[in-house]
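Given next are the chains, with one letter for each unit.
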Amino acid sequence: MKVSFAVQVLSNTVAEALKRHYLSGEASETAKFCQMMNDFFDCMNVHSTSEHQRKRNPRLAPYQHIDDSRFDCLNNKFLQYLTSWKSSIDSRGPFSDDDKGRMFLSVQTFTGLKMMVFVERRIRVCAHRAFLPGVEEYDVEEYFGYQRAQGRRNDNPTAVAFGYNDLKIATLRDVAHHTPLKEMFLDDISGKRSKNKKPTKK
């Protein structure tokens with residue numbers, strides 16, 4: 001099963017379909033859960049400066065400050081919704097722990113969602129405090145993208161390798177500060193590949 005298809009079930013489209021099909025409201029809580037997860041995914045998947053305009057979805061807008069209202073929504077609405085759901089299950093009648101576990105998300109999923117909300121806010125706070133004005137998290141993501149490009153197939157670089165790559169990034173920026181960093185890396189990578197490329201036989 002593909003995760004991308006499974007996640008589409010927890011979408012705003014499915015929530016609206018449930019509301020329209022079950023007019024008496026017997027699927028209202030399921031629709032609410034789908035809507036909550038849809039909003040959660042939108043808030044966590046911010047990766048573009050213009051996608052929110054193209055899709056007309058304000059939850060996809062870039063985070064401009066650490067007091068963004070979406071953080072309050074994630075903490076006081078989304079997590080509170082899940083916590084209240086779990087509390088209502090724990091206070092139910094004579095059910096075994098296994099039965100109660102099947103009435104709620106898995107422990108790993110619930111813990112993971114709480115950790116994601118916590119880490120997301122801390123990342124935005126660190127980016128806000130540690131970098132100069134005008135340098136947003138997208139520049140940070142771009143920088144680490146260049147780090148990964150330097151590492152090639154090495155998915156777990158050491159501190160020494162990371163520092164070496166950082167010096168290389170700084171050197172390329174200083175040598176050609178008028179050239180966009182992305183173009184420098186493309187030229188650097190393509191140059192290395194052309195040197196290592198074996199001549200083809202005619």
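See the structure shown above.
Worth saying up front: this structure is predicted, and the values here are computed from it rather than measured.

Caption draft 1: Up close: the environment of Met36. With respect to the helices and strands, Met36 occurs in helix 3 (residues 28-44). Judged by relative accessible area, Met36 falls into the buried class, the value being 9%. When the C-alpha atoms of Met36 and Phe78 are compared, they prove to be 6.5 Å apart, with 42 residues separating the residues in sequence. What Met36 contacts, discounting residues up to four positions off in sequence, is Lys77, Phe78 and Tyr81.

Caption draft 2: Spotlight on the nonpolar core. The biggest cluster of nonpolar side chains holds 20 residues, and the ones touching the most others in it are Phe40, Phe78, Leu82 and Leu113. Looking at this core, the element that brings in the most residues is helix 5 (residues 69-90), giving 7 residues. With residues up to four places along the chain from it excluded, the contact list for Phe40 reads Leu74, Phe78, Leu113, Met116 and Val117. Residues Ala15, Leu18, Ala27 and Cys34 belong to the second largest nonpolar core, which totals 5 residues.

Caption draft 3: Geometry of the environment of Ile89. By secondary structure assignment, the location of Ile89 is in helix 5. Spatially, the C-alpha atoms of Ile89 and Met103 are 7.2 Å apart, while their sequence positions differ by 14 residues. For Ile89, the residues in contact, after removing those within four places along its chain, are Lys100, Met103 and Phe104.

Caption draft 4: A look at the packing of aromatic side chains. With the rule as written, the count across this model stands at 7 aromatic pairs. Residues Trp85 and Phe104 carry aromatic rings whose centres are separated by 4.8 Å and whose planes lie at 85° to one another, so their mutual orientation is edge-to-face. With a gap of 19 residues between them, Trp85 in helix 5 and Phe104 in the loop between helix 6 (97-102) and helix 7 (107-130) connect regions that are remote in the sequence. In this structure Phe104 comes out as buried when scored by relative accessible area, which is 12%. Each member of the aromatic cluster is reached from another via a ring pair, and the members are Phe33, Tyr81, Trp85, Phe104 and Phe110. Positioned above the aromatic ring of Tyr63 is the side chain of Arg70, whose terminal nitrogen or guanidinium carbon lies 3.9 Å from the ring centre.

Criteria and cut-off values
- Residues numbered from 1 in each chain as written.
- Predicted model: local features only at pLDDT ≥ 70, side-chain atom pairs only at ≥ 80, totals over all residues.
- Heavy atoms only, no water.
- Helix = DSSP H or I, 4+ residues; strand = E, 2+ residues; numbered from the N terminus.
- Buried < 20%, exposed > 50% of the residue type's maximum accessible area, 1.4 Å probe, protein only.
- Contact = heavy atoms within 4.5 Å.
- Core = buried A, V, L, I, M, F, W, Y, C linked by side-chain atoms within 4.5 Å.
- Phe/Tyr/Trp six-rings, centres within 6.5 Å; stacked < 30°, edge-to-face > 60°.
- Lys NZ or Arg CZ within 6 Å of the ring centre and 35° of its normal.

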